[in-house]
Amino acid sequence: MSKLFKSPKALVILTLALGAFVLSVAGGALGKEFNGGFLGAPIAHIQLPAEPVFADELFPGFKLTNTIVATWLTIVLVAVLAFLATRRMTEVPTGLQNMFEALIEFFSNLAASIAGPENGRRFLPLTLTIFIFIVTSNWLGILPGFGTIGRIETAEEVIHHAEDAGTDLAGVNLQVFDGDGAVGILSLGSIRTEEITAKRFKEAEEEGVHLVEDGKQVGILVPFLRSANTDVNTTLAIAIVAMFMVHFWAFRSLGIAGHVGKFLNFRGGPVALFVGLLEIIGEFARLISFTFRLFGNIFAGEVLLIAMAFLLPLIGIIPFLGLELFVGMIQAFIFSILTLVFAALASTGHDTEHH
Amino acid sequence: MIEGNIGDLGAGLAIALGSLGPGLGIGWLASKAMESLGRNPEAARPIQQNMILAIAFTEAIAIYALVVAIIIKFVN
């Protein structure tokens, strides 16, 4: 500590960081209680299911949701990166090719150490694909523009939907946007001194009072883009593909009788039969655990970022962005490594397991 | 007299109680990993990898509680 105060540079940096943090706290929602809140960060609308990008159905029974758009964006980005990395390959790799080669080498070593050299080569493509897809979509979801740019659902539509669903109108917070266009941006400074809930808006409309001045409108922002893994359908789809391939590989290496015999074991007496049935439940538990681990982590991260953008806007949120980068990579790594471990476990029979 | 939605209380309790066990579990896991790291520093890589995997399994339980809390809070 004493060393710190002797070095003027460290002291200046510390003071600046502290000042920035205090500024961020005072400008956020906490500061608003004490007549601060000059940064005016709005709290975004948090919704569990993915929101449709267009209000109308694209074709009967299908609405294009923002997580689907984000998934497509991820696919295009990964494809473009892969194309650029392999376009002009050199003996001594540089740049993008180097990055991909390092990634592949790391995973092929890992696969070989977990599943053995032969099986490891077989499992590598799927596990690496899962890793690259999940990490790209998670990191894309942190970019500015995700969750903040979208179409405006007007207050009348929101109230209509909430009444259809039977939601309490007092719990629905509305936001105020400049202009009367259909596209809105949730920016700093768009917070208002008083909160407008759907209930208050409806009562005011019935009395003929307009809560906002002309040239502004009240509604909810429905973002065009939202992190792909905040939709439980995306993570369930990846989990189903992973578990399907795990069992496919198990059938390939153990044969049909060998793999089914692990679950329906009639030769080892009643206890073995019961254990086998428990294994079937275990497989479904793995599927559900895969789905909700990824979904829960990324959705919670999104909610954390929204809350922190509200409490500590502009500066205080930076460490949490770093945390989300870390979580996004770790979750992608865990998903792929667990696929690898499950595949390695399932592809070794009972006879070879205990040697 | 306390007013408000009782579901909010449920959501808070779900994540509060649900994160107790995993919190203890992760702490215990990390402590054991550090212990074995101190005893055998050459095995740092496999210990670290297995620790992260085990933490992921433990953390998944907290995530289930979180999902329940989120569902209580945001799904009507």
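Here's a quick rundown of the structure.

Brief notes about the sheet that holds strand S4 (residues 196-197) of chain A
Residue and element names in this part refer to chain A.
Stage number 1. Read across the open sheet, the five strands follow the order S3-S1-S5-S2-S4; overall the sheet is antiparallel. With one partner strand each, in any of the chains shown, strand S3 (183-185) and S4 form the two edges of the open sheet.
Stage number 2. Two strands pair when backbone bridges link them, and strand S2 (residues 173-178) and strand S5 (residues 216-223) are joined in this way by four bridges, in the antiparallel orientation. When the bridges of S5 are listed, Asp178 appears paired with Lys216.
Stage number 3. Strands strand S1 (149-154), S2 and S5 of the sheet are contacted by helix H7 (residues 155-165), whose axis makes an angle of about 75° with S1.

Brief notes about a nonpolar patch on the surface
All names here are of chain A.
Stage number 1. Together, Phe251, Ile256, Val260, Leu264, Phe266, Leu277, Ile280 and Phe284 give the surface a local cluster of nonpolar side chains, amounting to about 770 Å² of exposed area.
Stage number 2. For the nonpolar patch, the secondary-structure elements that each account for two or more residues are helix H9 (232-263) and helix H10 (269-311).
Stage number 3. Note on placement: Val260 falls in helix H9.

As for the packing of helix H4 (residues 66-87) of chain A against helix H5 (residues 95-115) of chain A
Residues and elements named next belong to chain A.
Stage number 1. Axis separation between H4 and H5 bottoms out at 7 Å; the angle between their running directions is 110°. Here H5 runs roughly perpendicular to H4, going by the angle between their axes. Within the contact between the two elements, H4 uses Leu81, Ala82, Leu84 and Ala85 and H5 uses Leu96, Gln97 and Phe100.
Stage number 2. Among the residues making up the contact of H4 with H5, the classes are represented as six nonpolar, one polar and no charged.

As for the interface of chain B and chain A
Stage number 1. Listed by partner, the interface residues are 17 residues for chain B and 19 residues for chain A.
Stage number 2. Around 1,500 Å² of area is buried between chain B and chain A when both sides are counted, 77% of it from carbon and sulfur atoms.
Stage number 3. Counting the contacts that link chain B with chain A gives zero salt bridges.
Stage number 4. Linking chain B with chain A are two residue pairs in polar contact (both at pLDDT 80 or more), by the criterion used here.
Stage number 5. Looking at the side of chain B that touches chain A residue by residue, the classes come out as 13 nonpolar, two polar and two charged.

Quick notes on the rules
Residues numbered from 1 in each chain as written. Chains lettered and ligands numbered in written order. Predicted model: local features only at pLDDT ≥ 70, side-chain atom pairs only at ≥ 80, totals over all residues. Heavy atoms only, no water. Pairing = 2+ DSSP bridges. Helix = DSSP H or I, 4+ residues; strand = E, 2+ residues; numbered from the N terminus. Contact = heavy atoms within 4.5 Å. Axes fitted to C-alpha atoms, helices over the stretch in contact; angles between N-to-C directions. Patch = residues over 30% accessible without salt bridge, like charges linked within 9 Å, V, L, I, M, F, W, Y side chains within 5 Å. Areas by Shrake-Rupley, 256 points an atom, 1.4 Å probe, with all protein chains shown as cover. Salt bridge = Lys/Arg side-chain N within 4 Å of Asp/Glu carboxyl O. Parallel < 35°, antiparallel > 145°, perpendicular 65-115°, else oblique. Nonpolar A, V, L, I, M, F, W, Y, C, P; charged D, E, K, R; others polar. Buried area = accessible area lost by both parts, 1.4 Å probe. Polar contact = N/O pair within 3.5 Å; in protein donor to acceptor, adjacent residues only side chain to side chain.

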